[in-house]
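Chain residues, written in single-letter form:
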Amino acid sequence: MNNWEIAKVFDEIADLLDILGENPYKSRAYRRAAHKIGNAYLDVEQLSREGRLLEIPGIGSALEKKVEELINTGELDYLIQLRKKAPASLRRLLLIPGIGIKTLQLIYQRLGITDLEGLEAAAREKRLRRLPGIGVKTEQAILHGLQNHAFLRRRMLLHHAFAFAGEIEDYLKNKAAGPAAIQAAGSLRRGKETVGDLDFVAAADNPAPLAQAFKEAPFVKEVVAAGEAKVTIMTKWGFQADLLIVQPQLFASALQHFTGSKEHNVALRRIARERGFKVSEHGIGSADQTTAPSTEEELYRQLGMAYIPPELREDRGEIEAAQSGALPDLLEAAEIKGDLHIHSEWSDGANTLQELAAAAQERGYQYLAVTDHSRSLHIARGLTEERVRQQREEIDRLNEGFTNFRLLAGIEVDILPDGSLDFDDQLLAEMDIVIASVHSGFKQDEKTLTKRVVNALRNRHVDIIGHPTGRLLGRREPYAIDVGLLLEVAAETDTALEVNASPDRLDLNDEYIRQGRELGVRFAVNTDSHDLHYLDDVFYGVLQARRGWAEREDIVNTLPLNELDDWLSDR
DNA sequence: GCCGTTTTCGGCCCGACTGTTTTCAGTCG
């Protein structure tokens, strides 16, 4: 049973405890444990075997026993008992905006409603408004929420989120009563691979005109909530946006608060409380006074820890690391020296080799690996052996004209369904760099797929595994593959795993990157560009790598050309 | 149910906004 499955069980228990009106701190304990387990980069099943479960903060002796029962039997008697006491379908009602635990208890106990259909019927029949504490507005809000509820749960890809955020920021900055400062916060700032809604923090001496401008913006579909300091809108694009407006001296505190994550902030406040003061968007306060840190660095320092970059703020151990001086020195975009996975018009790319080389040089890259598809990928006009050699000749010719830059003659060779590679070793040995990727047989079982990729990892000519899990965010699940094993073999063979920077892949994900670097795996942050404009996507790959705690040394394409050559030839 | 730099018992993150009331509980992030 993996971390995610265990976390799901604890989350369900937490919801059921809430529904049954148990001690709210008990459900909070389950929810906290679920978060810790779901976000642990170490395998909980293995920790359990090693008797180290109690090392996870929030796991005590009772939860330790429950984790062990889950791992040993695949189920949990405690959950089975809880399910007998409350219908499981009730949990879904909590997804509706405006329905919390108290309202849920009320409609369950007084009206016997247990599912979405029952709730909708009761709202339409105007039965909700007769309950104490619920009026006409709440009833209408629930109906409204029911209609939008599927819609609201969709998350944006990161590049879409950045585009929308840019548009909203530009609008607010250009208002006559423009803010002294404005910045996008939330999961966007943390570089999360998908974003649910957008959060903005603005500094202004006079908040009212800015709040008004936000409410009247052309992209507003509806104003969800509006106070003096905070405005929430539903955009016509289908997601919510929050604006928090503070006095300029509180900007750093507000930015930290609104960047989250929620779990990170909760953990920070726990620590502050233990030290006898409290932290909020209004600064850091003790019993008699409140101070406003002028920067986030200052804020973290006052809490007794090193500055934590936004990408790490998930309560996945970054606070402990910041307290003990063990935070990683995160990869910077400027440290990327070249792209090792791009396509040209020789296969399914849009640009000539000259165009690509010029674009790479403009970016200040030292190298660019041309890695077109291999022959079996007909749909992408995969290259035959003959075409590969012709392309090699052109690359050699072009390289004669470059100074301080080189095109690498590479190939993205298919890992075929039978586990072999699309080209024989002789041709692969001729290439400067070889990426091996799965483009077919996605439906094979885990054992078969894992074996295919492990074979490729063990081929001495293969330098990088491309998009290792094959997922397309929001469109295609990862194929069934034992990533833990891939990480082990990659570490052993010093084969790099790709952090594919395309915002609809971002493959590997942050947790695997973190797990891998603990094992000594190296990664390549590549764009897989099919058009030179997508070379910019490296930005998203760097964010993802940073979320995986990656440092410069973990990434092969931070190496200058001569050292990259050494790595490519040493293997 | 967890946990300890005043605690092994008695706490458990913080504040904005809304709706229903008439001073505040519930929800949300």
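Since this is a predicted model, take the numbers as computed values, not measurements.

S.K.: I tried to follow the protein's contact with DNA strand B on my own but got confused; where do I start?
M.R.: Close to DNA strand B lie 44 residues, the nearest being R28, G98, T103, G135 and R269. Counting only atoms of DNA strand B within 4 Å of the protein, the fraction found in sugar and phosphate groups is 81%. Side-chain polar atom of N23 to a base oxygen of DNA strand B: 2.8 Å apart, as the coordinates give it. Elements with a contribution of two residues or more to the surface near DNA strand B: α2 (24-38), α4 (61-73), α6 (101-111), α8 (136-152), β5 (220-226), α13 (262-274) and β8 (278-280).

S.K.: What is the right way to look at the side chain of Q544 in this model?
M.R.: Here Q544 shows up in helix α22 (residues 538-547). Look at Q544 and you get buried, because its relative accessible area is 1%. Of note is the side chain of Q544, whose polar atom sits 3.2 Å from the backbone oxygen of L506. Each residue touching Q544, except ones within four places of it in the same chain, is listed here: E193, R471, V499, L506, L508, N509, D510 and I513.

S.K.: Even after reading the chapter, I still don't get the sheet that holds strand β15 (residues 464-465), so can you show me in this structure?
M.R.: Pairing between sheet strands relies on hydrogen bonds along the backbone, with the strands arranged either parallel or antiparallel. In space, the seven strands of this open sheet follow the order β11-β12-β13-β14-β15-β16-β17, with parallel pairing throughout. This sheet does not close on itself; its edge strands, each paired only once, are β11 (338-342) and β17 (523-526).

S.K.: Even after reading the chapter, I still don't get the domain arrangement of chain A, so can you show me in this structure?
M.R.: A common way to express how large an interface is: the accessible area buried when the components associate. Taken as a whole, chain A is organised into domain 1 (3-152), domain 2 (156-246), domain 3 (252-324) and domain 4 (333-569). One C-alpha centre belongs to domain 1, the other to domain 3, and the line joining them spans 28 Å. Contacts between the two partners involve five residues from domain 1, matched on the other side by six residues from domain 3. Taking both partners together, domain 1 and domain 3 bury about 470 Å²; carbon and sulfur atoms supply 37% of that area. Our count for the domain 1 to domain 3 interface comes out at one salt bridge. Between D315 and K36 there is a salt bridge, with the nearest N and O atoms lying 3.0 Å from each other. Here domain 1 and domain 3 share three residue pairs in polar contact (both at pLDDT 80 or more) between them. When its residues are assigned to classes, the side of domain 1 that touches domain 3 shows one nonpolar, two polar and two charged.

S.K.: What is the right way to read the pairing of strand β14 (residues 433-437) from this model?
M.R.: Summarising burial for β14: five of the five residues are buried, a large majority. In β14, alternate side chains face the same way, and those of I433, I435 and S437 on one face and V434 and A436 on the other are all buried. Considered for its hand, the β-α-β crossover made up of strand β13 (residues 406-414), helix α18 (residues 425-430) and β14 is right-handed. Both β14 and β15 contribute to a ladder of two bridges, which runs parallel. From the neighbouring strand, A436 faces β15, where its bridge partner is I465. Note on the crossover from β14 through helix α19 (residues 446-458) to β15: the handedness is right-handed.

Conventions adopted
Along each chain, residue indices are assigned from 1 in the same order as the chain's sequence is written. Whichever chain is written first becomes A and whichever ligand is written first becomes 1, with later ones labelled in order. Owing to the predicted nature of the model, reporting of local features is limited to residues with pLDDT of at least 70; listing and counting of side-chain atom pairs is limited to 80 or more, with chain, interface and lining totals taken over all residues. Heavy atoms throughout the structure, all of them, feed into the side-chain values; hydrogens and water do not. Note on definitions. A residue lies near a molecule or strand when any single heavy atom of the residue is within 4 Å of it. Here a polar contact means two N or O atoms within 3.5 Å. Within protein one must be a hydrogen donor candidate and the other an acceptor candidate, and residues neighboring in sequence count only if both atoms are side-chain atoms. Only DSSP runs of H or I with at least four residues qualify as helices, and only runs of E with at least two residues qualify as strands; both kinds are numbered from the N terminus onward. Classification of residues uses two cut-offs on accessible area relative to the type maximum, computed with a 1.4 Å probe and protein chains only: under 20% is buried, over 50% is exposed, and between them is partly exposed. Two residues form a contact once any of their heavy atoms are found within 4.5 Å. DSSP bridges decide pairing: two strands pair if at least two such bridges lie between them. Domain extents, as shown, originate in an automatic or database domain assignment. When two parts are put together, the accessible area they lose, computed with a 1.4 Å probe and summed over both, is reported as buried area. In the sections that follow, a salt bridge refers to a side-chain nitrogen of Lys or Arg positioned within 4 Å of a carboxyl oxygen of Asp or Glu. Residue polarity follows a fixed list, in which Ala, Val, Leu, Ile, Met, Phe, Trp, Tyr, Cys and Pro are nonpolar, Asp, Glu, Lys and Arg are charged, and the others, Gly among them, are polar. Note on handedness: a clockwise path from strand one over the helix to strand two, with the strands aimed away from the viewer, defines a right-handed crossover.

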